[in-house]
Amino acid sequence: MTKTTIPEEEFTYPGSTGCPGCGANLVMRYLLKGLGDRTVLSIPACCWAVMPGYWPSNCLKVPILYTAFEATGAGISGLRAAYDAKGVKDVTVVGFAGDGGTVDIGLQALSGAAERQTDAIYVMYDNEAYMNTGIQRSGATPWGAWTTTTPGGATKNYKHEPKKDIMAIMQAHGIPYAATVSVAHPEDFVKKAQKAKSLKGLRFIHALSPCPPGWRMSPQLTVEVARLAVDTHLFPLYEIDDGRLRITRKGKGTPVKEYLKIQGRFSHLDESQVDSIQKTVDERWAKLLKRESEGA
Amino acid sequence: MRMVMTGNYASAYGAKASRAEVIAAYPITPQTSIVEKLADFVSSGEMNAKYIPVESEHSAMAACIAAETAGARTYTATSSHGLTLMHEVLMWASAARLPIVMTNVSRAMAPPWSVWVDHMDSVAQRDTGWMQFFCESNQEVLDTIIMAYKVCESRGVMLPAMIIEDAFILSHTSEPVDVPDQEIVDSFLPPYNPELKIEPGKAMGFGSLVRPDQYMEFRYKAMQAMRDAHDRFLRVEKEFKQVFGREYGGLLDTYRCDDAEVVLVAAGSTAATAKDVVDAMREKGQPVGLARLRAFRPFPHEEFRALASKVSGMGVLDRSYTFGAAGAFYTEIKASVYSCQKRPVMKNYIAGLGGRDITPKILEKIFEDIQLTAKRGGGDEVEWVDVAGLPRRWR
Ligand SMILES: Cc1ncc(C[n+]2csc(CCOP(=O)(O)OP(=O)(O)O)c2C)c(N)n1
Ligand code: SF4
Ligand SMILES: [Mg+2]
């Protein structure tokens with residue numbers, strides 16, 4: 001019998017209403033494998049507010065508190081305070097929000113929760129746009145991407161601004177643990193979730209979450225595109241544990257064009273634009289290696 | 001124990017006496033001394049609660065919502081811009097059927113900036129599904145917080161309540177207040193123990209998506225709950241009187257209305273002044289009365305109808321204004337009494353916005369104007385009181 005390298009137990013039932021190939025489904029699946037059944041989730045407006053299914057169904061084996069879009073940081077603060085007040089032990093409070101609910105409208109509440117050292121895990125599943133409302137740009141949409149509010153057109157109005165660096169923002173709060181995870185690397189993902197669980201204070205997990213309809217790609221490419229994001233160094237896997245940065249998967253250094261070319265949202269980019277993305281990725285990767293060697 | 005304290009301290013003592021377990025709050029003038037006092041209570045260990053110093057009022061309410069869903073009794077306090085920032089989550093709290101109790105120190109909205117009393121902030125939250133109790137004394141503030149928890153948490157209600165203090169007039173004015181013994185409060189108000197709460201190991205969804213064929217039933221039940229809160233409140237106040245010896249007149253506190261020919265309806269601290277004016281006018285043989293709107297929600301519909309069929313004139317004083325209509329109290333009271341067989345001539349007075357004083361003299365003139373209007377017939381006007389540039393002199 002072969003032994004799996006991640007826990008076999010599943011905490012998701014069939015019945016998620018996510019699209020075929022939804023990366024966010026896998027994010028939830030691996031996260032819960034790492035955290036287990038004493039998890040309580042706080043989920044704001046986002047695709048995952050819909051995916052558990054219509055009331056009274058719940059495709060997860062853990063409870064969910066649905067909150068207003070911008071309220072995840074406050075939701076986890078309230079849950080934690082109540083469990084502390086009531087003496088409820090052995091509970092992992094988790095905020096689970098999209099990129100828009102995290103880097104844009106929910107940033108204030110998240111910042112507050114981090115500054116207050118709220119004892120909870122905050123997971124941002126990053127599909128790089130407001131997908132629930134139909135693929136509008138967010139602060140986490142990468143430079144050059146097409147969305148319905150950066151639609152190109154005669155003025156070539158694609159996303160003109162780079163992606164917000166949420167990991168740097170969270171690190172600047174001095175939180176005990178922050179990590180990036182990918183659905184193409186479940187062992188690394190689950191290990192980081194388990195580590196986050198073992199710590200106290202606000203722990204932050206940034207999960208790249210491929211979205212076939214939003215990224216304009218075929219659903220069977222979800223894991224492949226996630227793997228390419230790591231291999232191209234576009235989405236490096238690392239953790240910052242008590243201020244020390246460690247890269248957990250080096251990736252092959254595949255050219256970014258391999259990642260870009262399988263996604264329709266980047267199909268309008270010309271060669272020089274791809275080159276400039278490559279240059280930015282290389283610079284950021286070099287910086288990350290340097291930070292790792294310097295231990296920060 | 002009898003102490004001299006402000007309305008804000010009365011709120012803090014009310015939350016403490018009610019054994020709130022989680023407090024999440026954000027400072028705003030003139031609410032600040034409530035949260036400071038609660039921070040003191042928690043820091044000194046006098047109060048066994050978790051205090052979350054949130055970064056906004058929106059988060060204050062969102063944190064209370066989460067904590068209450070997890071089974072903790074919660075309390076917060078705010079005012080004006082803080083309350084209106086909460087608007088989205090106020091709706092959330094009531095629709096989630098969470099019996100959160102909050103003090104709102106009612107203050108005018110900017111611009112122009114004003115930190116003084118009016119009721120625009122509270123009235124603008126009318127449709128959020130919260131009970132609203134306007135208070136006229138600091139003792140009433142403390143007592144209503146204790147009563148509110150009991151009403152809100154009762155099984156057939158499960159709705160939140162807002163206790164409203166007039167900015168500065170109550171919030172920063174000291175009066176003697178009786179702080180009840182903790183054991184007596186404990187015997188009156190049992191610990192919060194909801195039927196359902198979010199807890200590890202129970203895979204439930206709180207606030208899941210519903211279809212159009214499911215949604216209306218949730219709203220219908222909330223409507224019934226608010227309706228039933230009316231009688232529930234009266235029963236709780238009766239019980240409160242038996243235990244503490246104090247009562248405040250139900251949802252519509254009528255003062256010398258029994259044989260009155262005309263009455264004025266007012267809420268909050270103005271009502272206390274108006275009661276003095278009623279006494280003075282009664283001494284001069286004028287049959288006037290004062291009906292203090294204590295609860296805007298649940299609305300004292302039957303009380304108003306009973307009152308309306310006894311009087312010939314009814315003035316309604318609103319300390320807020322609904323642009324394009326009239327004062328919100330006025331339009332609601334008018335609608336409520338419309339189908340009475342016998343109904344009075346009515347008139348709306350908009351007064352005291354942004355902390356402008358509503359003096360006894362002004363109130364007396366309002367009573368006289370109601371008398372005149374009732375005699376003349378007609379009415380149904382909206383008059384702005386004591387505004388520069390208008391012909392009528394009120395001072
Ligand atoms: C206050 C508020 N504004 C806007 C919305 C509409 N809305 C719901 S989900 C959503 C986008 C969510 O984007 P993200 O957080 O990235 O999650 P995703 O849907 O991509 O998974 C928006 C704009 C809302 N629910 N509440
Ligand atoms: S739109 Fe994207 S993120 Fe949302 S359910 Fe579909 S695949 Fe998942
Ligand atoms: Mg998104």
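Coordinates for the structure precede this section.
An account of the accompanying structure is given in this report. Fair warning: this is a prediction, and the values are worked out from it, not measured in the lab.

About the cut-offs
- Residues numbered from 1 in each chain as written.
- Chains lettered and ligands numbered in written order.
- Predicted model: local features only at pLDDT ≥ 70, side-chain atom pairs only at ≥ 80, totals over all residues.
- Heavy atoms only, no water.
- Helix = DSSP H or I, 4+ residues; strand = E, 2+ residues; numbered from the N terminus.
- Rg over C-alpha atoms; globule rule 2.2 N^0.38 Å.
- Buried < 20%, exposed > 50% of the residue type's maximum accessible area, 1.4 Å probe, protein only.
- Contact = heavy atoms within 4.5 Å.
- Lys, Arg positive; Asp, Glu negative; His and termini not counted.
- Charge placed at Lys NZ, Arg CZ, Asp CG, Glu CD.
- Donors = N, O, S within 2.8 Å, 3.2 Å for Na, K, Ca; no water.
- Pairing = 2+ DSSP bridges.
- Near = heavy atom within 4 Å.
- Polar contact = N/O pair within 3.5 Å; in protein donor to acceptor, adjacent residues only side chain to side chain.
- Areas by Shrake-Rupley, 256 points an atom, 1.4 Å probe, with all protein chains shown as cover.
- Nonpolar A, V, L, I, M, F, W, Y, C, P; charged D, E, K, R; others polar.
- Axes fitted to C-alpha atoms, helices over the stretch in contact; angles between N-to-C directions.
- Parallel < 35°, antiparallel > 145°, perpendicular 65-115°, else oblique.
- Left-handed = near helix turned anticlockwise from the far one by under 90°.
- Expected span 1.5 Å × (residues − 1).
- 1 Å grid on protein atoms, 1.4 Å probe; cavity = no way out; pocket = protein on both sides within 12 Å on 5 of 7 lines; lining within 4 Å.
- Points joined across faces, edges and corners; volume = space filled by probe spheres on them.
- Buried area = accessible area lost by both parts, 1.4 Å probe.
- Salt bridge = Lys/Arg side-chain N within 4 Å of Asp/Glu carboxyl O.
- Phe/Tyr/Trp six-rings, centres within 6.5 Å; stacked < 30°, edge-to-face > 60°.

1. Looking at the overall build of chain B
1) Next: A tally of helices and strands in chain B yields 13 helices and 16 strands.
2) Next: Its C-alpha atoms give chain B a radius of gyration of 21 Å, within 12% of the compact-globule value 21 Å for 395 residues.
3) Next: Each of the three principal axes of chain B carries a C-alpha extent, and together these read 70 × 50 × 45 Å.
4) Next: Buried positions account for 58% of the 395 residues belonging to chain B.
5) Next: Sequence-distant contacts, at least 24 apart, represent 81% of the contacts inside chain B between residues at least 6 apart.
6) Next: A gap of 4 Å separates the mean positions of the 44 positive and 50 negative side-chain charges of chain B.

2. What to know about the coordination of the magnesium ion (ligand 3)
Residue and element names in this part refer to chain A.
1) Next: Summarising the metal site, the magnesium ion (ligand 3) is bound by the protein donors D99 (OD), N127 (OD1) and A129 (O), whose distances to it range over 1.9 to 2.1 Å.
2) Next: Expressed as a motif, the donor residue spacing for the magnesium ion (ligand 3) is D-x27-N-x1-A.
3) Next: Judged by relative accessible area, which is 5%, N127 ranks as buried.

3. A look at the pairing of strand β12 (residues 288–293) of chain B
Sheet faces and side chains relate simply in a regular strand, where the side chains alternate between the two faces.
Residues and elements named next belong to chain B.
1) Next: With 6 of its 6 residues buried, β12 lies for the most part within the structure.
2) Next: Neither face of β12 is open: one carries V288, L290 and R292, the other G289, A291 and L293, and all of them are buried.
3) Next: Pairing geometry for strand β10 (residues 252–255) and β12, over 4 bridges, is antiparallel. Within β12, the position partnered with Y255 by the bridge is L290.
4) Next: With 5 bridges joining them, strand β11 (residues 262–266) and β12 adopt parallel strand pairing. Bridge pairing in β12 places V265 opposite A291.

4. Brief notes about the site of ligand 1
All names here are of chain A.
1) Next: Taken together, 18 residues lie near ligand 1, and G100, G101, Y125, M131 and N132 sit nearest.
2) Next: Y125 places a side-chain nitrogen or oxygen 2.6 Å from an oxygen atom of ligand 1.
3) Next: A total of 580 Å² of accessible area belongs to ligand 1 in isolation, and the protein chains cover 76% of it.
4) Next: A class-by-class count of the residues in the shell around ligand 1 yields 9 nonpolar, 6 polar and 3 charged.

5. Quick look at the packing of helix α7 (residues 138–152) of chain B against helix α9 (residues 212–244) of chain B
All names here are of chain B.
1) Next: Close contact between α7 and α9 brings their axes to 10 Å; oriented N to C, the two are set at 125°. By the angle class used here, α7 and α9 are oblique. Crossing hand, α7 versus α9: right-handed. Contact residues: α7 offers D143, I146, M147, K150 and V151, while α9 offers A229, R232, F233, V236, E237, E239 and F240.
2) Next: Across the contact of α7 with α9, the residue classes tally to 7 nonpolar, no polar and 5 charged.

6. Quick look at helix α13 (residues 360–376) of chain B
Residues and elements named next belong to chain B.
1) Next: In this model α13 runs 24 Å from its N-terminal to its C-terminal C-alpha over 17 residues, within 8% of the 24 Å that 1.5 Å per residue would give.
2) Next: The set of residues buried in α13 consists of I362, L363, I366, F367, D369, I370, Q371, T373 and A374.
3) Next: Where α13 terminates, the next one or two residues include G377, which has phi positive at roughly 80°.

7. As for the sheet that holds strand β3 (residues 50–52) of chain B
Neighbouring strands of a sheet are bound in pairs by backbone hydrogen bonds; such pairs are parallel or else antiparallel.
All names here are of chain B.
1) Next: Pairing is mixed in the open sheet, where 7 strands are placed in the order β3-β2-β4-β5-β7-β6-β13. In this open sheet, the two strands that pair with only one neighbour each are β3 and β13 (295–297). Taking the axes of each pair of neighbouring strands and ignoring which way they run, one obtains an average angle of 20° across the sheet.

8. Things to note about empty space enclosed by the protein
Think of a ball as big as a water molecule: rolled over the atoms, this probe shows where empty space is left.
All names here are of chain B.
1) Next: For the structure on display, the rule yields 1 cavity of 30 Å³ or more.
2) Next: Of the voids in this model, the largest cavity is the one considered here, and its volume is about 60 Å³.
3) Next: Only α3 (57–69) and α5 (87–95) provide two or more residues apiece to the lining of the largest cavity.
4) Next: For the lining of the largest cavity, the element with the highest residue contribution is α3, accounting for 3 residues.

9. Re the interface of chain A and chain B
1) Next: Each side of the interface is counted separately: chain A has 39 residues, and chain B has 38 residues.
2) Next: If you sort the residues of chain A by the area they bury against chain B, A:Y54, A:W55 and A:Y66 come out on top, with a joint share of 21%.
3) Next: Where chain A packs against chain B, one counts 2 salt bridges.
4) Next: Of the charged contacts, one joins B:E21 and A:K86 as a salt bridge, the two residues approaching to 3.0 Å between their closest N and O atoms.
5) Next: Where chain A packs against chain B, one counts 12 residue pairs in polar contact (both at pLDDT 80 or more).
6) Next: Mapped onto the side of chain A that touches chain B, the elements with two or more residues apiece are β1 (39–43), β2 (64–66), α3 (72–86) and α5 (107–115) of chain A.
7) Next: When residues in the side of chain A that touches chain B are grouped by element, the largest group, 11 residues, is from α3(A).

10. Details of the pattern of salt bridges
1) Next: Taken as a whole, this structure holds 57 salt bridges over all chains when the rule is applied.
2) Next: Ionic pairing is found between A:K195 and A:E239, a salt bridge with its closest N-O pair at 3.0 Å. Residue A:K195 is found in helix α7 (residues 186–198), and its partner A:E239 is found in strand β7 (residues 237–241); the two are separated by 44 residues along the sequence.
3) Next: What makes A:K195 partly exposed here is its relative accessible area of 27%.
4) Next: Residues B:K310 and B:D258 are paired through a salt bridge, measuring 3.7 Å at the closest nitrogen-oxygen approach.

11. Considering the packing of aromatic side chains
1) Next: In the structure shown here, the tally under the stated rule is 17 aromatic pairs over all chains.
2) Next: Where A:Y122 meets A:F204, the ring centres are 5.8 Å apart and the plane angle is 20°; that geometry is what we call stacked. One end of the pair, A:Y122, is in strand β4 (residues 120–126); the other, A:F204, is in strand β6 (residues 202–208), with 82 residues separating them in the sequence. Comparing A:Y122 with A:F204 shows no difference in burial state: the two are buried.
3) Next: Ring geometry for B:F188 against B:F240: centres 5.5 Å apart, planes inclined by 80°, an arrangement best described as edge-to-face. Placement of B:F188 in helix α8 (residues 182–188) and of B:F240 in helix α9 is noted, with a sequence separation of 52 residues between them.

12. Observations regarding the sheet that holds β6(A)
1) Next: Read across the sheet, 9 strands follow the order β8(A)-β7(A)-β5(A)-β6(A)-β4(A)-β3(A)-β1(A)-β2(A)-β9(B) without closing on themselves; strand pairing throughout is mixed. The open sheet has two edge strands with one neighbour each: β8 (244–249) of chain A together with β9 (205–206) of chain B.
2) Next: The sheet contact formed by β1(A) and strand β3 (residues 92–98) of chain A spans 4 bridges and is parallel. Bridge pairing links A:L41 to A:V94 in β3(A).
3) Next: Along the sheet face, α7(A) touches β3, β4, β5 (177–182), β6, β7 and β8 of chain A and points at about 160° away from the line of β5(A).
4) Next: Relative to β8(A), helix α11 (residues 271–294) of chain A is tilted by about 120°, and along the sheet it contacts β7 and β8 of chain A.

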